[in-house]
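So the chains spell out like this:
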Amino acid sequence: MIFSYSGTGNSRRVAESLGKRLEDAVEDITDVKIEKKEYTLPEGEILGFVFPVYAWAPPTIVMDFISLLRLSSAPKYVFFVCTCGDDSGKTADVFCKALKEKGWECNAGFSVIMPNTYVSLPGFNVDPLHIVSKKLREAKERIEYISSKLAARARLIDCYEGAFPWIKSYLIHPLFMHTLMSPKPFKAADSCISCGLCEKACPVRNIHLKERGKPEWGSHCTMCLACYHSCPKHAIEYSCLTQKKGQYLFDKSNKGL
């Protein structure tokens, strides 16, 4: 069983690619009613998690999911794969600690570098198309490597932490969560055509079209920016921080991994 969470599609496609290669089922955690279901893992089945890195740590929605997930017995082999635009910081340590608190051992973990999607701070933008193509080519090779290691039940943590990982994950990440996770700065410009694609793209169903067909954001935003990237008119803005920034959606940029 592979549980995945994705905003703009990078992690979803990695999870699907791994599921296909490992002949394992993939479930989107936003569709799982974990408070009502106990999962039974057949003998020998692996338990995996695929998710994006948000500010050098696992997304809160993934951590909450793990804390609530109930299994009929302790899994024999657990892995994670995190996707990141550049580096993962101490994501592996944070994730493994969460599993340990459940009484589970994280046997393997990997990072996969994918195109950048975060645009809500100065200096952050999507990658140029040639970088997108390069990252996706290398990601395909990386997934093949990861699949072979998982099939062999390898025990290793192979994540690219980057520079100053402790500072990024344990100092910058909490600051980011405290100051930059509010959906209040989101707004739709006059160019919005009320197509509803942002509402459809939101993985946690936090957007609804209200007065005059304009989108309104609820309180449980994950800051995945799927709404921003999916808008065909580039009408969604996050304060003034995303003006003149690029857009990225996995399906629009390539045909698969």
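### A few points about the packing of helix H2 (residues 60-68) against helix H3 (residues 91-101)
Next, step 1: At a minimum axis separation of 10 Å, H2 and H3 run at an interaxial angle of 20°. Classified by the angle between their axes, H2 and H3 sit roughly parallel to one another. By crossing handedness, the relation of H2 to H3 is classed as right-handed. Where H2 approaches H3, its residues Val62, Met63 and Ile66 are matched on the opposing element by Val94, Phe95, Ala98 and Leu99.
Next, step 2: Here the contact of H2 with H3 is composed, by residue class, of seven nonpolar, no polar and no charged.

### Remarks on the pattern of salt bridges
Opposite charge on two side chains makes pairing possible when the charged atoms of those side chains draw close.
Next, step 1: In total, this model carries twelve salt bridges according to the counting rule given.
Next, step 2: Here Asp87 makes a salt bridge to Lys168, at a shortest N to O gap of 3.0 Å. Residue Asp87 is located in the loop between strand S4 (78-84) and H3, and its partner Lys168 is located in helix H5 (residues 165-179); the two are separated by 81 residues in the primary sequence.
Next, step 3: Look at Lys168 and you get buried, because its relative accessible area is 14%.
Next, step 4: With a closest N to O distance of 3.2 Å, Glu161 and Lys90 form a salt bridge. Here Lys90 lies in the loop between S4 and H3 and Glu161 lies in the loop between strand S6 (156-158) and H5, a separation of 71 residues in the sequence.
Next, step 5: Of the residues examined, Lys90 reaches a relative accessible area of 18% and is grouped as buried.

### Observations concerning the environment of Leu69
Next, step 1: By the element assignment, Leu69 lies in the loop between H2 and S4.
Next, step 2: Sequence separation of Leu69 and Leu225 is 156 residues, and the distance between their C-alpha atoms is 26 Å.

### Topic: the pairing of strand S5 (residues 108-113)
Next, step 1: Most of S5 sits out of view: five of its six residues are buried.
Next, step 2: Pairing between S4 and S5: six bridges, direction parallel. The partner of Phe79 across the bridge, within S5, is Ala108.
Next, step 3: Following the chain from S4 across H3 to the adjacent parallel S5, one finds a crossover that is right-handed.

### Brief notes about the pairing of S4
Next, step 1: For S4, the buried fraction is high: seven of the seven residues fall into the buried class.
Next, step 2: Side-chain alternation along S4 places Val78, Phe80, Cys82 and Cys84 on one buried face and Phe79, Val81 and Thr83 on a second face that is also buried.
Next, step 3: Here strand S3 (residues 47-52) pairs with S4 via six bridges, running parallel. Counted as the bridge partner of Leu47 is Val78 from S4.
Next, step 4: In this view, the connection linking S3 to its parallel neighbour S4 by way of H2 has right-handed handedness.

### Looking at H5
Because an α-helix packs 3.6 residues into every turn, residues spaced three or four apart end up facing the same way.
Next, step 1: Over its 15 residues, H5 runs 20 Å from end to end, which matches the ideal 21 Å to within 8%, given 1.5 Å per residue.
Next, step 2: Of all the bends found along H5, the most pronounced is centred on Ile172 and spans about 40°, while Pro174, a proline, follows it within four residues.
Next, step 3: Looking only at H5, the buried set comprises Pro165, Lys168, Ser169, His173 and Phe176.
Next, step 4: Contact partners of the buried residues in H5: H3.

### Some words on the side chain of His173
Next, step 1: Relative to the helices and strands, His173 is located in helix H5.
Next, step 2: For His173, the contacting residues outside a window of four places in its chain are Tyr54, Ala55, Ala57 and Lys168.

### Quick notes on the nonpolar core
Next, step 1: Leu18, Phe79, Val81, Leu150 and Phe186 are the most contacted members of the largest nonpolar core, which totals 47 residues.
Next, step 2: Looking at this core, the elements with two or more residues in it are helix H1 (10-22), S4, S5, helix H4 (129-151), helix H7 (226-230) and strand S10 (236-238).
Next, step 3: The element that contributes the greatest number of residues to this core is H4, accounting for six residues.
Next, step 4: In contact with Phe186, other than residues within four places in its own chain, are Trp217, Cys221, Met223, Leu225, Cys227, Ile236, Glu237 and Tyr238.

### A few points about the packing of aromatic side chains
Next, step 1: This structure, assessed with the given rule, holds 14 aromatic pairs.
Next, step 2: Ring geometry for Phe51 and Phe80: centres 6.0 Å apart, planes at 25°, overall stacked. Taken together, the residues Phe51 in strand S3 and Phe80 in strand S4 connect sequence positions 29 residues apart.
Next, step 3: Phe51 gets classed as buried once you look at its relative accessible area, which sits at 1%.
Next, step 4: A residue is classified by how much of its surface remains accessible, and Phe80, at 0% relative accessible area, is buried.
Next, step 5: Put simply, the rings of Phe3, Tyr39, Phe49, Phe51, Phe65, Phe80 and Phe95 touch in pairs and so form one group of aromatic residues.
Next, step 6: One Lys or Arg, Arg153, reaches over the ring of Tyr77 and ends 5.7 Å from the middle of that ring.

Rules of the game
- Residues numbered from 1 in each chain as written.
- Predicted model: local features only at pLDDT ≥ 70, side-chain atom pairs only at ≥ 80, totals over all residues.
- Heavy atoms only, no water.
- Axes fitted to C-alpha atoms, helices over the stretch in contact; angles between N-to-C directions.
- Helix = DSSP H or I, 4+ residues; strand = E, 2+ residues; numbered from the N terminus.
- Parallel < 35°, antiparallel > 145°, perpendicular 65-115°, else oblique.
- Left-handed = near helix turned anticlockwise from the far one by under 90°.
- Contact = heavy atoms within 4.5 Å.
- Nonpolar A, V, L, I, M, F, W, Y, C, P; charged D, E, K, R; others polar.
- Salt bridge = Lys/Arg side-chain N within 4 Å of Asp/Glu carboxyl O.
- Buried < 20%, exposed > 50% of the residue type's maximum accessible area, 1.4 Å probe, protein only.
- Pairing = 2+ DSSP bridges.
- Right-handed = clockwise from strand over helix to strand, strands pointing away.
- Expected span 1.5 Å × (residues − 1).
- Bend = angle between axes of the 7 residues up to and from the residue.
- Core = buried A, V, L, I, M, F, W, Y, C linked by side-chain atoms within 4.5 Å.
- Phe/Tyr/Trp six-rings, centres within 6.5 Å; stacked < 30°, edge-to-face > 60°.
- Lys NZ or Arg CZ within 6 Å of the ring centre and 35° of its normal.

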